Structures are given as structure tokens and as C-alpha cells.
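In case you want the letters, here they are:
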Amino acid sequence: MTSGRQGPRRSPGDGRAPRRLGGGGRGVPAPRGHRLDLHRVSGASLRAVAAGEAGPADLALLRAGQRSHLLLVLRALLDRADDLPGPQRRGGPSARSVWGVLTAAEERDAGAVDAVLDDPSVRAWAVRLLRRVGGGSGAAPGAAAPLWADLGQFRALAAAAALRAGTEVSLRVPAYRGLVWVPGAGVAGPVSGRRWSEAEFHVAGGGAVVRGECAEVRLPGARALAEPAAGWRPLVALCGPRDVPREAYADPHSAAAGPGGPGRGDGGPGEGLRLDAVTPYRDFDVSPRAPLRLGERRTRLWRERLRGACALLARESPPDAAALGALVRVLVPRPFPASPGGLVPSASSPEAFGAVALSLPYDEPQTAAVLVHETRHQELTALMSLVPLVRGPEAGAAEAGERLYYAPWRGDPRPARGVLHGVYAFAGVARFWRAHRDAAEGAGARRADFEFAVFREQVGEAVAALAEGGDLTEAGRLFVEEVAAPLERWRKEEVPAEPARLAAHYCAVRRALWRWRHLAVGEAFVARLAGDWAAGRPAPPLPAPVLAPSEEAHRSPAFGTLARLSLSAPATFTRRLRRAGAEGDAAAAAECAAVAGDAEAAARWYGVRVAADPWDAEAWIGAALVRRRGSAAAALLLDRPETVFAVHRAVVAAGARPADPPEIAGWLAGGARA
């Protein structure tokens, strides 16, 4: 498949993207050996990525496409920076002069520039800055950094590349809270006491000196940048190339990766996986961000857990280890604790390709699952920049008139693009837990069984919705078909009774609560149903509901967290169950009893909840799941909760014969459903 936007191929701009820094035009020198790359995605590569079996050449292609995008963004910044008013630039050297420092460093050592541009924060900074100056006004409402400081980071890139390449240069660079960003390496300082200031970055003699208003820091040469020193906070090495299989990395000399090979920045092992708690542009939502102090013990936990997870993936899921090694460069710690009963908060951003933000997972299997999940997001982000898989808007958020879907792992309706990301990510997670079931024992095996059962069902639901929705391109349909190929086989695989029960309950409660929140039946029809109920007439056939997304904040059902806790740490769960009952906490006691499989106790506690609040839909749904699941009334309450509760409200408002939601559901179930 080699057609343009209509098939699995896409090239930025006119189809030619600079692999290296030159490009000519407006007096910008081009380095020796410069060439323009055309990125092509074959049908075989598309299928391989979809199946989670991307080979070295496929992964190199994905990285090369992202590198081309970064270079185009940098070039666009270059074209705009010198046109801004002088005060915005603080009178520093022109952007083209700074670009010349970068190209000189590349001519001396291309790997030096690769190491700098491999820092995901460089892309995050560049994309946000281009958006900031793209309108030509130089204004940035709400921006946290002054424009001169954001623009000045161009000089920080050049200084960092010069330091690695060993080329002499002196540049004035921004300092945030006295700290100077050295892209791809860390931060130096503090050298000033002000929020924003400038410092001199002088590279000579195989090292550098960063000199500010009140202090100076001496930096070692490139080979020692990974080691902390006085005034120097580097990125922390977690997993190196030795921690994942060699096949995880594309051959930097492979012809399949592009003419002349991609170089280290396009698929080689580089410096492995590192922890970034210091870079000012590491945060996906807020920048700049002050450094996070982890401490030696916390840093050691990160390193041990990540190395264990990398080794686990190398043993049990080599393709996932390969994708991780090729596509993810940096982990950004989030200061939230993770418990055995909770999913680990994690995130990726297209603006920071190669970075994953997450809390410290509580064990190695959960760490591995999170890495698989976020690596899949990286893969799909890179692929979708080359191949259109979804029709219409490409933004992540829904736009006016855009079709929205049920995403089983989310509480809100999602556009096709978001659902596709979830399908691909969770299909990878399901495959990981499926493989881990064979290696795990005891509580670990029960947890793996549960996760596999949950995600195979949720991915199947989302795949069916996408297939019916009509928002996928031809390439998108091919991609989803390949992702879904193993689902039928997975559905036939037996899961032990207890994890299977918990998984089925969890998926059912999420589905019912989502419908209750986001689907609706027309007001006129609800009024008719209330009238029929009051008159004692049979219920008519029910029409299909329509999507009416709720803007109210919602929380995830506690059942999932407690189910995971009961499987991973049963003693801790038992203590929580007893405490909830002793304290009379009806909400916690009902959910704990449901997880424990004590239907009578769960129904009793749900009854306490609805006695206190007859409008507590979560309690009614929970009670239907644990006690009356086999009845027609319970089945309809779970399948059509939006209709049941709408009619219940209308009946109460009309002052008709009193009824609770299960009674309404039983009556509605007597009619034929459309």
C-alpha cells in the first residue's frame, strides 16, 4: 500500500522530511550527507504493528517519522523566531546562528545531536512554542514562561549538542528558578535566585561551565553526564540496552529503515530508559515545572522495579520489550502512590513522543503492564502520523458533530480516535496478562486471570462498536481487524471461576453506570411510559436511546479497585471488609461484600444505601448484579438503566402509584424491546 493520504502512507509537508538538521534556505547551512526521507508504510508493516509484532525495521520507521516531524517543527520555529520583535529575543544571537551551532555539532558527531533531540521534552517544548508563535503575534495568553525564555531554549539545545560533540561555544541560555536545562542530560544549578534569568553556557576543553548571577557549575564531558555532581542533576538511568533483547532495537545501518539508515536517533539503543524528574518541560500539562526531589530510596525503588519489569517483558513478551526499547526514552514520575488494589496512573502525549508519565507501580508485573499500555500509545501515535486510520478530525478531543462511543475503560464518551487508542493499548495489556498467567503463581496468577478476562471483554466491546461506527478508513479497518484477530481465540480460553466472576461483575457495572450517565430516552416517551404505568397498561416496546453526554464529574466504581485488592492482597482486603462493616460504612461494605461473593450481605448494605438515598442508581445497579441477576427485571435494569431510572423519576414526579426501579424494570421487561 503506497498511496498517499488514502492508504497506509503519509509524508509530512510535500512528502519529504529532513532526517538531519540542514535543509538550506534563508542562509541555513546543510550538513554533509544531508538527504530527504520519504516515509512509506507497507500493508505488511501496518499488520505487524497492529498485531503487536513490529520488527526492527517497522519500529525504526515509526521513530524516523517522529524525528522528521520534530525537525520540521524546529525548522518552522527557525523561520519564525527571527521575525519576532527584538525584546522577545532579549538581543541574543539569531536563531539561524544558533542553528549553525547545531549543524556544526552534527558534522562533528551526529550522535551528539541525536542524543539531544531524543529527549522527549525537546519535542514538547518545540511543539508548544510553535503553537505560541504560530500566529505571528508573539503573544501567549496564560503562558507560564516569558517568550524570550521559551525562545532562548533554542540556545540550550545548541549548547547541549556542542557539549556532547566537543565543539567550543559560548551562549547565553535561560535559567528557570536558577536551573539551566541541558536537553537530553539534566539540569545545572541553581546559579540564580530569580524565577527567570540568563546564564552563560561556555563549552571548552571537553566540559562546560554554566555561570549565573550568583554561582557557577562545572559540567563534565559527555561520557560523565549521567553521573550526579555538585550543582548537576542528571536524568537517572533505569533500564539500559542490556536490560532488553538486542532485537528490541532497529539496526542503525538497516536499509529497510531508510536510505543510509536512520542513525542512532532513529532507532538505536541510545542511553536506554531514563527517569526524568528535573526537566522543566517534562510535564504534559504544565510547563515549566520545577524539579521533583525523589530521594535515594525512592530512586532506587524506581530503578529496581523498572529493571525487573524490563526483564519480565524480555522473558514473557519479547515483542513488547522490543517496542519499549525502541520507542520509549523517558519516564516522568508522578508523585501519587499506587496500591495493590488500584490501577497505576499513567499518561502519554503526542507532543512528547518517547515519554511516559506514571506513578511508581507497586510490583513488577503491574509495571510491565503499564509500560506495555503506554508503549502501545506511542506506537499508534507514530503510526497515525503516517497513516490516516480514522476519518475526519484528527484532534484527540471530540469536536462538534463528531460521533462518540462507549469506551469500557473510560467514564466519558470518546471519539473514534480515542477509542482506537484504547483498543490498541488494552489489547496489548490483555496479551501481556494472558502470557503472564502461565508464569505467575498464587495471588499473582489470580490477578493475571482477572486482568486478562476484563480486558479481553472490554476490547471486544470497543472493537464491535468501531466496526459498526463507520469512522475508520480502509487502513483503519484493516488495522482493527488485525488487532481483533486473537479475540475469538481468547474468549474460548478458560479463566478460573473467582477471577471470571469478578471480571464479569466489574465489566457489567461499568457498562450499566456509563449507560445511566450518558444515554437518554426522549422526554415525551418517558412521560407516556409513566402514564401507562399509572394506568396499569402494559409497557410498549422500548426505542433505542440516544447519546446525551453528562457533564457531571463522576468517579470510577470502587468494585474494580476492591476486586484487584482481593486478588493481589487478600489479607488486606479482608481487613478492609471487616472495618467497613464495623464502621457501618454502607458504600464500602456493600462493595466489599459484592467482591467477596456474599450476595446476602451485599444486598443488605445496598438496601441501607437506597433507604438513605432512593435515587442512588449505583446502589440499585449493584443490588441487581449481586442478588437478582437471573431475573428479567434485573437484566433490563442492567441493560437499559437510562430508561428505568428516567421512568422512575417521572412516576415519582407525577405522584403515581409508588414503585422502585426494580419494579419499573420488571414492568418494562414485559414489553417487547425494539
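Here, every reference points to the structure presented above.
Keep in mind it's a predicted model, so treat the numbers as computed, not measured.

Notes on the overall build of the protein chain
- Secondary structure summary: the protein chain contains 24 helices and 18 strands in total.
- Expressed as a percentage of its 674 residues, the buried residues of the protein chain come to 58%.
- In the protein chain, the share of contacts with a sequence separation of at least 24, taken over all contacts with a separation of at least 6, comes to 71%.
- Split by element, the accessible area of the protein chain, about 26800 Å² in all, is 52% carbon and sulfur.

Some thoughts on the pattern of salt bridges
- In the structure shown here, the tally under the stated rule is 35 salt bridges.
- R491 is the partner of E488 in a salt bridge, and the nearest nitrogen-oxygen pair spans 3.0 Å. In this pair, E488 and R491 both sit in helix α14 (residues 487-491), three residues apart, roughly one turn of the helix.
- One network of salt bridges, with partners in common, ties together R63, R67, D114, D118 and R329.

A short note on the side chain of R515
- One can find R515 in helix α15 (residues 497-518).
- Within polar-contact distance, the side chain of R515 engages the backbone oxygen of D639 at 2.9 Å.
- Setting aside chain neighbours within four positions, we find R515 in contact with P545, D639, R640, P641 and E642.

Examining the nonpolar core
- Counting 139 residues, the largest nonpolar core has L331, L383, L389 and F479 as its most contacted members.
- Considering every element that reaches this core, the biggest residue donor is helix α11 (residues 416-439), with eleven residues.
- Apart from residues no more than four positions distant in its own chain, L383 is found in contact with V41, L46, V49, L62, L389 and F479.
- One finds V98, A159, L163 and V173 within the second-largest nonpolar core, a separate group that totals 56 residues.

A word on the side chain of S287
- As for its placement among the helices and strands, S287 is situated in the loop between β11 (273-275) and α8 (295-316).
- Among the polar contacts made by the side chain of S287, one reaches the side chain of R128 at a distance of 3.3 Å.
- Excluding residues that lie within four positions of it along the chain, S287 makes contacts with R128, A144, P280 and Y281.

Some remarks on the environment of F432
- Summarising the element assignment, F432 is placed in helix α11.
- Residue F432 is classed as buried on the basis of its relative accessible area of 0%.
- The sequence separation of F432 and V372 amounts to 60 residues, and the corresponding C-alpha distance is 7.7 Å.
- When near neighbours in sequence (up to four residues on either side) are disregarded, F432 contacts L312, L313, E316, P365, A368, A369 and V372.

Brief notes about the sheet that holds strand β12 (residues 330-333)
- If you walk across this open sheet you meet the five strands as β10-β11-β12-β14-β13, and the pairing is mixed. The strands lining the two open edges of the sheet, one partner per strand, are β10 (236-239) and β13 (346-347).
- As defined by bridge partners, β13 adjoins strand β14 (residues 355-358) across two bridges and the pair is classed as antiparallel. When the sheet's bridge partners are listed, S346 is paired in β14 with L358.
- Where helix α10 (residues 364-384) meets the sheet, its contacts fall on β12, β13 and β14, and the angle it forms with β14 comes to roughly 140 degrees.

Digging into the packing of aromatic side chains
- Summed over all chains, the structure comprises 14 aromatic pairs.
- Plain terms: the ring middles of Y406 and W514 are 4.9 Å apart, the flat faces sit at 50 degrees to each other, and that makes the pair tilted. Taken as a pair, Y406 in the loop between β15 (404-405) and β16 (414-415) and W514 in helix α15 lie far apart in primary sequence, 108 residues in all.
- Ring geometry for F450 versus Y506: centroids 6.2 Å apart, planes at 45 degrees, classification tilted. Residue F450 is located in helix α12 (residues 442-469), and its partner Y506 is located in helix α15; the two are separated by 56 residues in the primary sequence.
- With relative accessibility at 6%, the residue Y506 sits in the buried group.

Considerations on the sheet that holds strand β7 (residues 207-211)
- Taken in spatial order, the four strands line up as β3-β6-β7-β8 in an open sheet, and their pairing is antiparallel. This sheet does not close on itself; its edge strands, each paired only once, are β3 (169-176) and β8 (216-219). Averaged over all pairs of adjacent strands, the angle between strand axes in this sheet comes to 20 degrees, irrespective of strand direction.
- Inspection of the sheet shows β7 paired to β8 by four bridges, in the antiparallel sense. Note on β8: the bridge partner recorded for R211 is E216.

Examining helix α7 (residues 147-165)
- The first and last C-alpha atoms of α7 sit 28 Å apart over 19 residues, in line with the 27 Å expected at 1.5 Å per residue.
- Counting buried residues along α7, 19 of its 19 residues qualify, which places the element largely inside the surrounding structure.
- Looking one or two places after α7, you find G166, whose phi comes out positive at around 80 degrees.

A look at the pairing of β12
- Alternating residues of β12 divide into V330 and V332 and L331 and P333, and every residue in both groups is buried.
- In the sheet, β11 pairs with β12 via two bridges, with the strands oriented parallel. From the neighbouring strand, L275 faces β12, where its bridge partner is L331.
- Where β12 and β14 come together, four bridges link them in parallel fashion. Looking at the pairing, L331 lines up with V356 of β14.

Observations regarding the packing of α12 against helix α17 (residues 558-568)
- The interhelical angle for the contact between α12 and α17, taken along N-to-C directions, is 150 degrees, at an axis separation of 7 Å. Comparing the axis directions of α12 and α17 gives the class roughly antiparallel. In this structure, α12 uses A443, R446, R447, F450, E451 and F455 to contact α17, whose residues at the interface are A563, R564, L567 and S568.
- Residue composition of the contact of α12 with α17, by class: five nonpolar, one polar and four charged.

Conventions and cut-offs
- Residues numbered from 1 in each chain as written.
- Predicted model: local features only at pLDDT ≥ 70, side-chain atom pairs only at ≥ 80, totals over all residues.
- Heavy atoms only, no water.
- Helix = DSSP H or I, 4+ residues; strand = E, 2+ residues; numbered from the N terminus.
- Buried < 20%, exposed > 50% of the residue type's maximum accessible area, 1.4 Å probe, protein only.
- Contact = heavy atoms within 4.5 Å.
- Areas by Shrake-Rupley, 256 points an atom, 1.4 Å probe, with all protein chains shown as cover.
- Salt bridge = Lys/Arg side-chain N within 4 Å of Asp/Glu carboxyl O.
- Polar contact = N/O pair within 3.5 Å; in protein donor to acceptor, adjacent residues only side chain to side chain.
- Core = buried A, V, L, I, M, F, W, Y, C linked by side-chain atoms within 4.5 Å.
- Pairing = 2+ DSSP bridges.
- Axes fitted to C-alpha atoms, helices over the stretch in contact; angles between N-to-C directions.
- Phe/Tyr/Trp six-rings, centres within 6.5 Å; stacked < 30°, edge-to-face > 60°.
- Expected span 1.5 Å × (residues − 1).
- Parallel < 35°, antiparallel > 145°, perpendicular 65-115°, else oblique.
- Nonpolar A, V, L, I, M, F, W, Y, C, P; charged D, E, K, R; others polar.

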